[in-house]
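Reading the structure
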Amino acid sequence: MAETKIPRATAKRLPIYYRYLNILLDADKKRVSSTELSEAVKVDSATIRRDFSYFGALGKRGYGYDVEKLLSFFKKILNQDTLTNVALIGVGNLGHALLNFNFHKNSNVRISAAFDVNEAIANTVQSGVPVYPMTELKKQLMEQQIEIAILTVPTSVVQNITDELVDANVKGIMNFTPLRISVPETVRVQNVDLTNELQTLIYFIEHYGEQLGGS
Ligand code: ATP
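Attention here is on the structure that accompanies the text. (Residues numbered from 1 in each chain as written. Predicted model: local features only at pLDDT ≥ 70, side-chain atom pairs only at ≥ 80, totals over all residues. Heavy atoms only, no water.)

This part takes up the overall build of the protein. Each helix and strand in the protein was counted, giving 9 helices and 9 strands. The dimensions of the protein, computed from C-alpha atoms along their principal axes, are 60 × 55 × 35 Å. For the protein, the proportion of its 215 residues judged to be buried stands at 34%. Residue pairs in contact within the protein that sit at least 24 positions apart in sequence constitute 54% of those at least 6 positions apart. Here the protein contributes 23 positive and 23 negative side-chain charges, whose respective centroids are spaced 10 Å apart. (Helix = DSSP H or I, 4+ residues; strand = E, 2+ residues; numbered from the N terminus. Buried < 20%, exposed > 50% of the residue type's maximum accessible area, 1.4 Å probe, protein only. Contact = heavy atoms within 4.5 Å. Lys, Arg positive; Asp, Glu negative; His and termini not counted. Charge placed at Lys NZ, Arg CZ, Asp CG, Glu CD.)

Put into structure tokens, the structure is as follows:
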């Protein structure tokens, strides 16, 4: 399905807009100006107007944006009106935490199948999600038409599992390991390295602290 090609930075802001618009809708607000939106979501209003213009949306001078229209528009773009099923591979500590996390609360995404090589956990149900043995990976993904996978496996096996996912026609992988995986161009990877994020935070705080100390 060909859709409007939008810059990555714009795409990343869409869920933020979407959430805030939902808050406005709940509060019975019919319209919102780009300035109001800007203050609420901490994105400058010129950027908001530019972001919205990629969709040919929809503001009127002196009126602002129609909340409901904007929402239904974003809903489609963000696929919020269709439930997206996601697979999780590796039900260890982090995997368990993600299974317990209620993605569904703020989005129309849910983990609907999990996989693990450990026989003690395969063929059980964890946090309401069935855990399948790895031997069933391709079969289940194809049958359940799952195109997105979360990887919370040890680094040593992550590339092999990635290859299996590619073979099962997965289109997107969220990689929680520190290893950068190789995929064909048709597959999108989002890396989330929690240790790295924390170290970056610590670095900035230390750096900032030094600057303060030195001044
Ligand atoms: P973490 O906190 O990173 O989840 P952990 O200590 O709980 O770590 P790991 O050794 O990182 O456990 O393994 C995570 C999960 O991945 C475990 O449940 C393990 O059984 C599973 N796993 C290991 N190898 C494979 C594999 N080849 N295929 C699928 N799952 C695997």
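Okay, back to it.
Right, let's get into the pairing of strand 4 (residues 109-116). With 6 of its 8 residues buried, strand 4 lies for the most part within the structure. Where strand 3 (residues 84-89) meets strand 4, 6 bridges bridge the pair, whose relative direction is parallel. Residue Leu 88 lies in a different strand from strand 4, and its bridge partner there is Ala 114. Judged from the 3 bridges that link them, strand 4 and strand 6 (residues 129-133) form a sheet pairing that is parallel. In the sheet register, Ala 114 faces strand 6, and the bridge partner there is Val 131. (Pairing = 2+ DSSP bridges.)

So, about unusual backbone geometry. Of note in this structure, Ser 127 is not a glycine but carries a positive phi near 50 degrees. Secondary-structure assignment places Ser 127 in the loop between strand 5 (124-126) and strand 6. The backbone of Gln 145 shows a phi angle near 50 degrees, a positive value even though the residue is not glycine. Considering the arrangement of structural elements, one finds Gln 145 in the loop between helix 7 (137-143) and strand 7 (148-151).

Taken together, 14 residues lie around the ligand, and Val 91, Gly 92, Asn 93, Leu 94 and Asp 116 are the ones closest in. Between Asn 93 and the ligand, the recorded distance is 2.7 Å, taken from a backbone N or O atom to an oxygen atom. With respect to the ligand, the side chain of Asp 116 contributes an N or O atom lying 2.6 Å from an oxygen atom. Relative to its unbound accessible surface of 620 Å², the ligand loses 64% to contact with the protein. Listing elements by their share of the shell around the ligand, those giving two or more residues are helix 5 (93-100) and helix 8 (155-167). Of the residues that constitute the shell around the ligand, the class distribution is 8 nonpolar, 5 polar and 1 charged. (Near = heavy atom within 4 Å. Polar contact = N/O pair within 3.5 Å; in protein donor to acceptor, adjacent residues only side chain to side chain. Areas by Shrake-Rupley, 256 points an atom, 1.4 Å probe, with all protein chains shown as cover. Nonpolar A, V, L, I, M, F, W, Y, C, P; charged D, E, K, R; others polar.)

No statement about biological role is implied by the geometric values presented.
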